[in-house]
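Each chain is listed here by its residues.
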Amino acid sequence: MRYLIVGLGSIAKRHVKNIRAIDSDAHIVAWRRTEIGPDDPGIDAVVTTLAAAVASQPQVALITNPAPFHVEAS
């Protein structure tokens, strides 16, 4: 399954860990403002634009960035 995770804070990292536990073949894309660092395991790709997030063709999207940014991200 293809997942899109908006944001990559502690909640998102918990979701990534849980997704990997139940679906080791999952393709996980993170949409965030900056590129991924080496301490962000479990993510297959990082995108920094809405167009790139949509192009990843997610089947499931998790909005995990801080609540004040939910509308901004959409």
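Residues take numbers from 1 onward in each chain, read along the sequence in its written order. In keeping with the model being predicted, local features are shown solely for residues with a pLDDT of at least 70 and side-chain atom pairs are shown and tallied solely at 80 or more, while totals for entire chains, interfaces and linings include all residues. Excluded from the side-chain calculations are hydrogens and water; all other atoms, namely the structure's heavy atoms, are used.

Caption draft 1: Region of interest: helix 1 (residues 10-22). In this model helix 1 runs 19 Å from its N-terminal to its C-terminal C-alpha over 13 residues, within 8% of the 18 Å that 1.5 Å per residue would give. Among the residues of helix 1, those classed as buried are A12, V16 and I19. Taken down its axis, helix 1 places every buried residue within 65° of arc, on the same side. In helix 1, the exposed residues that point more than 90 degrees away from the buried face are S10, R14, K17, A21 and I22. Strands here are runs of E lasting at least two residues and helices are runs of H or I lasting at least four, both read from the DSSP assignment and numbered beginning at the N terminus. The span one expects for a helix is its residue count, reduced by one, times 1.5 Å. Accessible area is worked out with a 1.4 Å probe on protein chains only. A residue is then buried under 20% of its type maximum, exposed over 50%, and partly exposed in between. An arc is given here, and it is the one of the directions from the helix axis to the C-beta atoms.

Caption draft 2: Representation of the nonpolar core in the model. To define a nonpolar core, start from buried Ala, Val, Leu, Ile, Met, Phe, Trp, Tyr and Cys residues and group those joined through side-chain atoms within 4.5 Å. Counting residues in hydrophobic clusters, the biggest one holds 11 residues: Y3, I5, L8, A12, V16, I19, A26, I28, A30, I43 and V46. Within the residue set of this core, elements represented by two or more residues are strand 1 (2-6), helix 1 and strand 2 (27-31). Looking at this core element by element, the count peaks at 3 residues for helix 1. Among the nonpolar cores identified, the runner-up in size contains 6 residues, and L4, V29, V47 and A53 belong to it.

Caption draft 3: Molecular detail of unusual backbone geometry. We note that Q57 has phi near 50°; this positive angle belongs to a residue other than glycine. In this fold, Q57 is placed in the loop between helix 2 (50-55) and strand 4 (60-63).

Caption draft 4: Spotlight on the pattern of salt bridges. What makes a salt bridge here is a side-chain nitrogen of Lys or Arg within 4 Å of a carboxyl oxygen of Asp or Glu, nothing more. For the structure on display, the rule yields 1 salt bridge. One salt bridge connects D44 with R20, and the closest N-O pair in it is separated by 2.9 Å. Linking D44 in the loop between strand 2 and strand 3 (45-47) with R20 in helix 1, this pair joins segments that are 24 residues apart in sequence.

Caption draft 5: Representation of the environment of V47 in the model. Looking at the secondary structure, you find V47 in strand 3. Here the alpha-carbon distance between V47 and R32, two residues 15 residues apart in the chain, equals 6.5 Å. Here, two residues are considered to be in contact whenever any of their heavy atoms come within 4.5 Å of each other. Not counting the four nearest positions on each side in its chain, V47 is found in contact with V29, A30, W31, R32, A52 and A53.

Caption draft 6: Spotlight on the environment of G9. Note that G9 resides in the loop between strand 1 and helix 1. Residue classification places G9 among the partly exposed positions, given a relative accessible area of 36%.

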